[in-house]
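An overview of the molecular structure
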Amino acid sequence: GAVVSQHPSWVICKSGTSVKIECRSLDFQATTMFWYRQFPKQSLMLMATSNEGSKATYEQGVEKDKFLINHASLTLSTLTVTSAHPEDSSFYICSARDPLDRSNQPQHFGDGTRLSIL
Amino acid sequence: QKEVEQDPGPLSVPEGAIVSLNCTYSNSAFQYFMWYRQYSRKGPELLMYTYSSGNKEDGRFTAQVDKSSKYISLFIRDSQPSDSATYLCASFTGGGNKLTFGTGTQLKVEL
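Reading guide: rules and limits
Residues numbered from 1 in each chain as written. Chains lettered and ligands numbered in written order. Predicted model: local features only at pLDDT ≥ 70, side-chain atom pairs only at ≥ 80, totals over all residues. Heavy atoms only, no water. Helix = DSSP H or I, 4+ residues; strand = E, 2+ residues; numbered from the N terminus. Buried < 20%, exposed > 50% of the residue type's maximum accessible area, 1.4 Å probe, protein only. Contact = heavy atoms within 4.5 Å. Areas by Shrake-Rupley, 256 points an atom, 1.4 Å probe, with all protein chains shown as cover. Lys, Arg positive; Asp, Glu negative; His and termini not counted. Charge placed at Lys NZ, Arg CZ, Asp CG, Glu CD. Pairing = 2+ DSSP bridges. Axes fitted to C-alpha atoms, helices over the stretch in contact; angles between N-to-C directions. Core = buried A, V, L, I, M, F, W, Y, C linked by side-chain atoms within 4.5 Å. Disulfide = S-S within 2.5 Å.

**Examining the overall build of chain B**
The number of helices and strands found in chain B is 0 helices and 11 strands. Secondary structure elements of chain B, listed N to C terminal, follow the sequence β-β-β-β-β-β-β-β-β-β-β. For chain B, the spread of C-alpha atoms along the three principal axes comes to 40 × 30 × 20 Å. Looking at chain B as a whole, 43% of its 111 residues are labelled buried. Considering only residue pairs separated by 6 or more positions, chain B has 54% of its internal contacts joining residues 24 or more positions apart. Counting only carbon and sulfur atoms, one obtains 48% of the accessible surface of chain B, whose full area is about 5,300 Å². Of the charged side chains in chain B, 11 are positive and 11 negative, and the gap between their average positions amounts to 7 Å.

**So, the sheet that holds strand β7 (residues 61-66) of chain B**
Whenever strands of a sheet pair, they do so through backbone hydrogen bonds, lying parallel or antiparallel. Residues and elements named next belong to chain B. On the basis of which strands lie adjacent, the open sheet formed by 5 strands has the order β1-β3-β8-β7-β6 and antiparallel pairing. Here the strands that pair on one side only, and so sit at the sheet edges, are β1 (4-6) and β6 (54-58). Strand-to-strand, the axes of this sheet are offset by a mean angle of 15°, without reference to chain direction. Pairing geometry for strand β3 (residues 19-25) and strand β8 (residues 71-76), over 6 bridges, is antiparallel. Bridge pairing in β8 links L21 to L74.

**Examining the nonpolar core**
All names here are of chain A. W35, Y58, F67, I69, L79, Y92 and L115 are the most contacted members of the largest nonpolar core, which totals 25 residues. Looking at this core, the elements that each hand over two or more residues are β2 (10-13), β3 (19-25), β4 (32-38), β5 (45-51), β7 (67-73), β8 (76-81), β9 (90-96) and β11 (113-117). For L115, the residues in contact, after removing those within four places along its chain, are V11, C13, V19, V81, D88, S89, S90 and Y92.

**Some details on the state of the cysteines**
Residue and element names in this part refer to chain A. With the rule as written, the count across this model stands at 2 disulfides over all chains. Residue pairing for C23: its cysteine sulfur links by disulfide to C94, the two sulfurs lying 2.0 Å apart. Linking C23 and C94, the disulfide has an S-S dihedral of approximately 80° and is accordingly described as right-handed. Taken together, the positions of C23 in strand β3 and C94 in strand β9 put the pair 71 residues apart, joining distant regions of the chain.

So this is what it looks like as structure tokens:
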């Protein structure tokens, strides 16, 4: 079945640095990928929808200059957290939809990236 | 009001028990309903996926959707310790594939 790979799985860095997270669809081409953030014991909150070859669509309240999204190919989307601060520490999860999936399953999720800012 | 409401738990049951997990939603446009299982520090894994009202069974899992009352349920029969996880319900309209999640219910199945 469709697999979405996310890297790294865990990153710890100092406040003020930028962190890049990669999301890859391994056996299908994804024109659309989604980025979520999940705080402890809370649900997944959609941050942005990443569209291949065009600008990402951000949800209300999400700073586009803070969370840079690039979807340069049909199998790769990246999320860069710029000038990260401790309040950005969270679990970031990406997902992708296989447009050829006849079962119409909505999205396949990666295993997430745990980001800890010191 | 959140579009999808779910009791966060935690819910603790003995091994072999029948588990009932529930969500309510407010958006009448929702047509597709999912249940995801999420283990600690992992991404969500799709368990059940249904369209409109009705029941769907897969092994020990049964999903029910009642659109008239905007109620979503997941039943787990013969629960096992390996079922211990957080269960998230989610819905979408079918247009833009934008999922709306509940907060998740933490389930613990004890020996």
